[in-house]
Amino acid sequence: MSKVAFIFPGQGAQKCGMGKDFYEQSSKAKAIFDRASEILDLDMKALCFEANDKLDLTEYTQAALVTTCLAMVREAEEKGLKPDVTAGLSLGEYAAIAVAGGMSDEEAICTVRTRGILMQNAVPEGMGAMAAVLGMEANDIEAVIEATEGVSIANYNCPGQIVITGYKEAVDKAGEALKEAGAKRVMLLNVSGPFHSPMLEEAGEALGTELNGVSWQELKIPYVTNVTAQKVTDIKETKGLLEKQVASSVRWEQSIRGMIAEGVDTFVEIGPGKTLSGFMKKIDKNVKVYNIQTMEDLENVAAMLAE
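A short tour of the structure in this document, coming up. (Residues numbered from 1 in each chain as written. Predicted model: local features only at pLDDT ≥ 70, side-chain atom pairs only at ≥ 80, totals over all residues. Heavy atoms only, no water.)

### Focus: helix α12 (residues 275–283)
Moving on, step 1. Of the residues making up α12, those classed as buried are L276, S277, F279, M280 and I283. On an axial view of α12, the arc spanned by its buried residues comes to 155°, and they lie on one face.
Moving on, step 2. Buried residues along α12 sit against β1 (3–8), β4 (151–158), β5 (161–167), α11 (252–261), β9 (264–270) and β10 (288–292). (Buried < 20%, exposed > 50% of the residue type's maximum accessible area, 1.4 Å probe, protein only. Helix = DSSP H or I, 4+ residues; strand = E, 2+ residues; numbered from the N terminus. Arc of directions from axis to C-beta. Contact = heavy atoms within 4.5 Å.)

Shown next as structure tokens:
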């Protein structure tokens, strides 16, 4: 029996115009964008659909991206698409939890607005950095960076692509050591902070206070958490995991492999861009991967999965 996973992208996938055709053609999606604008007192249409300087700022990006993903996935559900399990890369985990039934769309959007502000302000600008390490195995990277204090792994994305994070000087030093040890490339990322590093532990604790106010609901289906790469079936675990997630490594490759091992053979990436679909090709070429970022994509995927 085929099993389907819905997967949601993280920060960096955002782009001008995302979700615009959903807003214009889907009453379900329009309601989510309009409600987000109302509860956050932000013009979500202007933020997502029009060229502006705010979309790439963490404090705005997170709410904009989760709103867009939820607008898309709720219309996908209207078209009859249903997942057996969900997962999201970092920020995308909030959409995954909402779709799994663990929190309302409104609370997911409100929470990530706070999360974005906390992460934006967690570390003074220029103190932290992140870098993508290409063409080197995770075990080898771990062995090299162990010698440098203040740097750790942020993301296990896929074979040959790992992201390191930490203090700027430590990331630079580790980058040089990794290149000497055989990494093909080490590229500094254009991000506003050292996300998923211990430098953000205080932000995670502050987020925990916000999460105390969430009206958690029993999960209808499991989701996979970045922190452990394991399925979550008990909503009581979620608050602690989301608090830890801010400063913990994102175990994305491990999450995908775990789902495949449990029989998931179809992955549907819902949201702007094709980042996760690209990772999937490097993790396992034998599974089916679909991408929904436009209404046309949704019509095509719905038709293919109905066959």
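### Let's talk about unusual backbone geometry
Moving on, step 1. Even without a glycine there, the phi angle at S90 is positive, about 55°.
Moving on, step 2. Looking at the element boundaries, S90 is found in the loop between β2 (85–88) and α5 (92–99).
Moving on, step 3. Phi is positive for A229, close to 65°, though the residue is something other than glycine.
Moving on, step 4. Using a relative accessible area of 11% as the deciding quantity, one classes A229 as buried.

### Thoughts on the packing of helix α4 (residues 58–78) against helix α6 (residues 105–120)
Moving on, step 1. The interhelical angle for the contact between α4 and α6, taken along N-to-C directions, is 155°, at an axis separation of 7 Å. One finds that α4 runs roughly antiparallel with respect to α6. Of the two elements, α4 crosses α6, and the hand of that crossing is right-handed. Along the contact surface, α4 presents T58, E59, Y60, Q62, A63, V66, T67, L70 and R74, while α6 presents D105, A108, I109, V112, R113, R115, G116, I117, M119 and Q120. (Axes fitted to C-alpha atoms, helices over the stretch in contact; angles between N-to-C directions. Parallel < 35°, antiparallel > 145°, perpendicular 65-115°, else oblique. Left-handed = near helix turned anticlockwise from the far one by under 90°.)

### Here we look at the environment of K82
Moving on, step 1. With respect to the helices and strands, the residue K82 is situated in the loop between α4 and β2.
Moving on, step 2. For K82, a relative accessible area of 54% translates into the label exposed.
Moving on, step 3. For the pair formed by K82 and A183, sequence separation is 101 residues and the distance between their alpha carbons is 40 Å.
Moving on, step 4. Residues in contact with K82, not counting those within four places in the same chain, are V4, F6 and E77.

### Here we look at the layout of surface pockets
Moving on, step 1. By volume, the largest pocket is sized at about 740 Å³.
Moving on, step 2. Elements with a contribution of two residues or more to the lining of the largest pocket: α4, α6, β3 (128–134), β4, β5 and α12.
Moving on, step 3. Here the lining of the largest pocket gets 3 residues from one element, more than from any other, and that element is α12.
Moving on, step 4. By residue class, the composition of the lining of the largest pocket is 13 nonpolar, 14 polar and 2 charged.
Moving on, step 5. Estimated volume of the second largest pocket: approximately 290 Å³.
Moving on, step 6. Lining the second largest pocket are 16 residues, with S2, V4, T266, L305 and A306 sitting closest to its centre. (1 Å grid on protein atoms, 1.4 Å probe; cavity = no way out; pocket = protein on both sides within 12 Å on 5 of 7 lines; lining within 4 Å. Points joined across faces, edges and corners; volume = space filled by probe spheres on them. Nonpolar A, V, L, I, M, F, W, Y, C, P; charged D, E, K, R; others polar.)

### Some details on the side chain of R113
Moving on, step 1. Residue placement: R113 occurs in helix α6.
Moving on, step 2. Judged by its relative accessible area of 15%, R113 is buried.

### Side note on the sheet that holds strand β6 (residues 185–188)
Moving on, step 1. One open sheet holds the 4 strands; their spatial order is β4-β5-β3-β6, and the pairing between them is antiparallel. In the strand order of this sheet, the two ends are held by β4 and β6, each with one partner. Going from strand to strand, the sheet's axes swing by 25° on average, the running direction of each strand aside.
Moving on, step 2. Pairing of β4 with β5, which is carried by 6 bridges, proceeds in the antiparallel orientation. Paired with I153 across the strands is I164, a residue of β5.
Moving on, step 3. Here helix α8 (residues 168–180) sits on the sheet and contacts β3, β4, β5 and β6; the angle it forms with β5, its principal contact strand, is near 145°. (Pairing = 2+ DSSP bridges.)

Scope: geometric values only; no functional claims are made or implied.
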